[in-house]
Structures are given as C-alpha cells and as structure tokens.
Amino acid sequence: MRRRRQIKGRKTEGGLLELLYPPVCPFCGRVTAEDICDECRKKLKYIEEPRCMRCSKPLRSEEREYCYDCERHTHVYERGYALWMHCGDVQRAIYQFKYHNQRIYSRFFGKELLSRYGQAVKRWEITTIIPIPLSRKRRRIRGFNQAELLARELGRGLGIPVDAKNLVRVRDTSPQKKMDARGRSSNLKQAFAWRGKSRVFGNVLLIDDIYTTGSTIDAAARVLKRHGAGKIYFLTISIGQGY
Ligand SMILES: [Zn+2]
Ligand SMILES: [Zn+2]
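The rules behind these values
- Residues numbered from 1 in each chain as written.
- Chains lettered and ligands numbered in written order.
- Predicted model: local features only at pLDDT ≥ 70, side-chain atom pairs only at ≥ 80, totals over all residues.
- Helix = DSSP H or I, 4+ residues; strand = E, 2+ residues; numbered from the N terminus.
- Contact = placed C-beta atoms within 7 Å.
- Pairing = 2+ DSSP bridges.
- Axes fitted to C-alpha atoms, helices over the stretch in contact; angles between N-to-C directions.
- Expected span 1.5 Å × (residues − 1).
- Buried ≥ 20, exposed ≤ 12 C-beta atoms within 10 Å, placed from the backbone.
- Arc of directions from axis to C-beta.
- Parallel < 35°, antiparallel > 145°, perpendicular 65-115°, else oblique.
- Left-handed = near helix turned anticlockwise from the far one by under 90°.
- Nonpolar A, V, L, I, M, F, W, Y, C, P; charged D, E, K, R; others polar.

(A) Region of the structure containing the environment of S56. Along the chain, S56 turns up in the loop between α2 (38–43) and α3 (68–72). Distance in space between the C-alpha atoms of S56 and C70 is 10.0 Å, their sequence separation being 14 residues. In contact with S56, not counting residues within four places along its chain, are I47, R51, G80, Y81, A82 and I239.

(B) Expanded view of the sheet that holds strand β2 (residues 126–131). Reading across from one edge, β1-β6-β5-β2 is the order of the four strands in this open sheet, with parallel pairing throughout. Edge positions in the open sheet fall to β1 (79–85) and β2, since each of these has one partner strand only. Sheet twist, expressed as the average angle between the axes of neighbouring strands with direction ignored, equals 20 degrees. Pairing geometry for β1 and strand β6 (residues 232–239), over six bridges, is parallel. Bridge pairing in β6 places R79 opposite Y233. Lying on the sheet, helix α9 (residues 215–226) is in contact with β1, β5 (203–211) and β6; it crosses β5 at an angle near 160 degrees.

(C) Structural view of helix α4 (residues 88–99). Taking 1.5 Å per residue as the helical rise, α4 with its twelve residues ought to reach 16 Å, and the 17 Å between its terminal C-alpha atoms agrees with that figure. Where α4 is concerned, the buried positions are V90, A93, I94 and F97. Projected down its long axis, α4 carries its buried residues within an arc of 95 degrees, all on one side. Residues G88, Y95 and Y99 are exposed on α4 and point more than 90 degrees away from its buried face. Looking at the packing, one finds that the buried side of α4 touches β1, α5 (105–123), α7 (146–158), β5 and β6. Count one or two residues on from α4 and you reach N101, which has phi positive near 55 degrees.

(D) Representation of the packing of α5 against α7 within the structure. Direction vectors running N to C along α5 and α7 enclose 50 degrees, while the axes themselves pass 9 Å from each other. The pairing of α5 with α7 is recorded here as oblique in orientation. The two elements α5 and α7 cross, and the hand of that crossing is right-handed. Across the interface between the two elements, S106, R107, F109, G110, L113, L114, G118 and V121 of α5 pack against Q146, L149, L150, E153, L154, G157 and L158 of α7. Classifying every residue of the contact of α5 with α7 by side-chain character gives eight nonpolar, five polar and two charged.

Right under this line is the structure:
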C-alpha cells in the first residue's frame, strides 16, 4: 500500500514539473522533444581513455596511470568517474541546474550517468548511495540539493537505496573556488558529520555535481569510513582541469 502511494506521488510530481518547465536542452536552452538537442548531442565530448585511474581526469599520455593531482595526493576514496570536463556548455548547464531551479535536468544527467557508469557501479557492489549534502542554510535557500536529485535517479535506476539524511554538512564552508588545494581541505575539515543511529554498512557511492580536487569527496569519505563504511566510490556530472 505504502509503496503504491509513493509511485503515484512520483508520477504526479513529474507531470507537474513538465507543465511548469517545458523540456529544454540543458546545454543550449532550446525547447526540444528529446533530453538534449541533436546539435548539442553531436558536440558533447565524454571523458574517454586515457584517464586517471583514480579520479578519471583525462591524461595526456597513455603511459601515465594517474593525473598530476592523484600522483601527489592519496585519496580516501577508491575510484570515481565524471561524464564531462567542467567547461563551456557543461558548466552552463550545471549552473542552470543549481542556481536557476532547473531540477528537471537531474533526469538527463542521471540517465547519462546510468548509461555510462551503471555497470561500474554494479562491479563496485554498492550498498548505499549518498549525495554530498548541502548545509541546512544553503539547502533552504536553494530549495533542493542537486546531488540528492542525481542520487535518487541513480538509486531508482540501479535499485540501490539512497540515504540523503544521515550524512550532514555541519559547517557551511565558504565557496571553494578562490582557494588552493590546501585551503580547500582545511576548509572542509569537520564539514561533514554522520547522524545515523547505526553504523554505515558496506561500500558507498557518493554523488556530487562537480569534482574539483576531490577534497569534498575525501572529507565525506573520511567521515563515512570512520563510521564503518567499506570502500568509497564517486560519480559526478563534471570534473575540473588538473591543478
Ligand atoms: Zn542543445
Ligand atoms: Zn586523478
């Protein structure tokens, strides 16, 4: 009974969203019947091999295994993937998604992540999908957490439970853009806390919109591991250039 109600609720929400926001291409904003217009589909460049075996940033040469960043820093997480580089149309689409209330884009991004990396997630034997949380304040201002919307799409597609409640952001960290790597990780120390009554069980897939240096994923992974998690993996829509 409860299950049936949930499914019904989801449908209603979807219909309402489509009514409020006619489907537009996330990359150019033109109205389109598809998830993405033909022109942008042709232009879209996915991150391909050779790429970093840790964070998936593209590498210049096949001989290297890790990017400059991952060669110098040990990460807490195991491995992760992003779809595209964070620049141009992708950057604009994510900006619209987060700051212009285009939460409908989560469907397209979720679908892309599923089709490119669904198999990888299955190999990783994930027990729980956890979105990187926003602080309560930021969540209130934005009205939604973009990472949570993505996590729900993936959870639905893969049949893996999503926990968007127990990992919380206890410190509202200042925008990360202006900081170097060291500033970022000290800024993120104690940014997250685990509020779950029980310990974390099994391997966790963390979801975020952008991966920059990995310090956010690492900070969250550290907290989860301290509370019993096994291996930590991540998926993001985009990834920044190497630092
Ligand atoms: Zn387009
Ligand atoms: Zn890397």
